[in-house]
Amino acid sequence: MQAMIDRLLGSEDPCVRYKARVNVLGEDRESESIRQLQSEVKRSARVTSLLSERTPDGKLPYDPYAQWYGSHWVLVILADIGYPPGDTSLFPLREQVLALWLSREHVEGLPVINGRIRVHASQEANALFSILSLGLDDDRVDQLAQNLMRWQWPDGGWNCDPKPEATHSSFWESLTPLRALSLYGRQRASEQALEAGRRAAEVFLRRRLFRRERDGAIMNEEFVKLHYPCYWYYDILFGLKVMAEAGLIGDARCGEALELLESKRLNDGGFPAEEACYHLTDELEYGRSVVDWGGVSKGQMNEFVTVDALYVLGEARKHTAASAPHKG
């Protein structure tokens, strides 16, 4: 594992080095050396490409939710790769996103079927997570968080399914709310948000992160393949990553997913991207990315998948060691 960490620390991509140093090695993100590294992230070719289509007013000239090149998704990616917080040049992108998800038309237009709000909760959640992570927040994020908590289903998650008989939450719509509300709860010292996050976690933990409750079968074959980025999709690595961020990776019900992740380690110690949720193109079409995230190959390491996997496995080991009985 140390050899692979050293390899990641030597990556040409400062985003990978940031993740390795802060997430895997636990370096202080407030330290001067990490601040300098974040400046490298900001100037990197990857970030330059993500922001290259901004107009003179600082906005992206697309529907904010255009996948994956609208302002909503650009902020989500920047939040995940170590972009420095507090950059006011991102305010126009923030305004595009908040105008969309806090609009009266959006909020009041959500259907209520059999007493449950049917909502793509990953939308508000990714906005909340990215704005908080990037230090772009103001009082409006409180409304995003309150909306998510108000729309939470009895089983702890969220779902956009319009079928009246739908009574169970969706993995796709519940993971990013768990991530966002856990972060919001920590930053705002909100026990209400932290409790909402813990309730959301049960949606996944009851199913061991990838199995159906009723028969133990794999819920969706895509859940057990590795991707980066996941955007609003779900896989076990993204699920484990959110559990680690929320301080829940030590739950025994994460164990099988951790073992499955470990089984995907390559001979060189890295982890592959087994499929991609995006395609690289200049055409304005669904799933478009202006950035290649390391390629897809079941036999070759992907740096972004690897650094996230090492973070997750490292956090799990810490919890195991902390809970082990001490010999006197």
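This one's a predicted model, so the numbers in the text were calculated from it and none came from an experiment. (Residues numbered from 1 in each chain as written. Predicted model: local features only at pLDDT ≥ 70, side-chain atom pairs only at ≥ 80, totals over all residues. Heavy atoms only, no water.)

Re the pattern of salt bridges
So, point 1. Counting across every chain of the model gives 35 salt bridges.
So, point 2. For Asp13, the salt bridge goes to Arg46, with nearest N and O atoms at 2.7 Å. Here the residue Asp13 occupies a position in the loop between α1 (2-9) and α2 (14-24), and Arg46 occupies one in helix α4 (residues 45-51), the gap between them amounting to 33 residues. Accessibility assignment for this pair places Asp13 and Arg46 in one class, buried.
So, point 3. Salt-bridge contacts for Glu95 lead to Arg140; the nearest nitrogen and oxygen are separated by 2.7 Å. Taken together, the positions of Glu95 in helix α6 (residues 91-101) and Arg140 in helix α9 (residues 140-151) put the pair 45 residues apart, joining distant regions of the chain.
So, point 4. On the basis of relative accessible area, Arg140 is assigned to the partly exposed category, the value being 28%. (Salt bridge = Lys/Arg side-chain N within 4 Å of Asp/Glu carboxyl O. Helix = DSSP H or I, 4+ residues; strand = E, 2+ residues; numbered from the N terminus. Buried < 20%, exposed > 50% of the residue type's maximum accessible area, 1.4 Å probe, protein only.)

With respect to unusual backbone geometry
So, point 1. For the peptide bond that leads from Gln67 to Trp68, omega is 5 degrees, which places it in the cis range.
So, point 2. A cis amide bond links Tyr228 with the next residue in sequence, Pro229, at an omega value of -10 degrees.
So, point 3. Here Pro229 shows up in the loop between α11 (191-205) and α12 (236-245).
So, point 4. A positive phi angle is found at Leu209, which is not glycine, with a value near 80 degrees.
So, point 5. Position of Leu209 relative to the elements: it lies in the loop between α11 and α12.
So, point 6. Taking relative accessible area as the criterion, Leu209 reaches 0% and is therefore assigned buried.
So, point 7. The residue Tyr231 is not glycine, and still its phi comes out positive at about 55 degrees.
So, point 8. Exposure remark for Tyr231: the relative accessible area of 4% places this residue in the buried category.

Regarding the environment of Leu310
So, point 1. Checked against the element boundaries, Leu310 lands in helix α14 (residues 303-323).
So, point 2. Residue Leu310 is classed as buried on the basis of its relative accessible area of 1%.
So, point 3. Considered as a pair, Leu310 and Glu262 are 48 residues apart in the sequence and their alpha carbons are 9.5 Å apart.
So, point 4. The contacts of Leu310, once residues within four sequence positions are left out, are Met1, Met4, Ile5, Leu8, Val24, Arg265 and Phe271. (Contact = heavy atoms within 4.5 Å.)

Notes on the packing of aromatic side chains
So, point 1. The final tally for this structure, using the stated rule, is 19 aromatic pairs.
So, point 2. When the ring of Trp68 is compared with that of Tyr286, the centres are 6.0 Å apart and the planes differ by 55 degrees; the resulting orientation is tilted. Linking Trp68 in the loop between α4 and α5 (71-80) with Tyr286 in the loop between β3 (279-280) and β4 (288-289), this pair joins segments that are 218 residues apart in sequence.
So, point 3. Since its relative accessible area comes to 52%, Tyr286 is described here as exposed.
So, point 4. Centroid distance Tyr228 to Phe304: 5.1 Å. Interplanar angle 10 degrees. Geometry classified as stacked. Of this pair, Tyr228 sits in the loop between α11 and α12 while Phe304 sits in helix α14, placing them 76 residues apart in sequence. (Phe/Tyr/Trp six-rings, centres within 6.5 Å; stacked < 30°, edge-to-face > 60°.)

Digging into the environment of Pro229
So, point 1. Under the relative-accessibility criterion, Pro229 is labelled buried at 4%.
So, point 2. The sequence separation of Pro229 and Leu8 amounts to 221 residues, and the corresponding C-alpha distance is 18 Å.
So, point 3. Contacts of Pro229, omitting those with residues within four sequence positions, involve Ile77, Cys277, Tyr278 and Trp293.

Brief notes about the side chain of Arg288
So, point 1. By secondary structure assignment, the location of Arg288 is in strand β4.
So, point 2. For Arg288, a relative accessible area of 2% translates into the label buried.
So, point 3. Once you skip the residues sitting within four places of it in the chain, Arg288 turns out to touch Glu53, Tyr62, Gln67, Trp68, Tyr69, His279, Thr281, Asp282 and Glu283.

Digging into helix α13 (residues 255-263)
Helical geometry: 3.6 residues make up each α-helical turn, so side chains three or four residues apart lie on a common side.
So, point 1. Taken residue by residue, α13 has Ala257, Leu258 and Leu261 as its buried positions. Around the axis of α13, the buried residues are gathered within 100 degrees of arc, so they sit on the same side. Pointing more than 90 degrees away from the buried face of α13 are the exposed residues Glu259 and Ser263. (Arc of directions from axis to C-beta.)

Overview of the nonpolar core
So, point 1. One finds Leu78, Ile81, Leu128, Leu261 and Trp293 to be the most contacted residues of the largest nonpolar core, which totals 107 residues.
So, point 2. Ranked by the residues each element gives to this core, the list is headed by α14, at nine residues. (Core = buried A, V, L, I, M, F, W, Y, C linked by side-chain atoms within 4.5 Å.)

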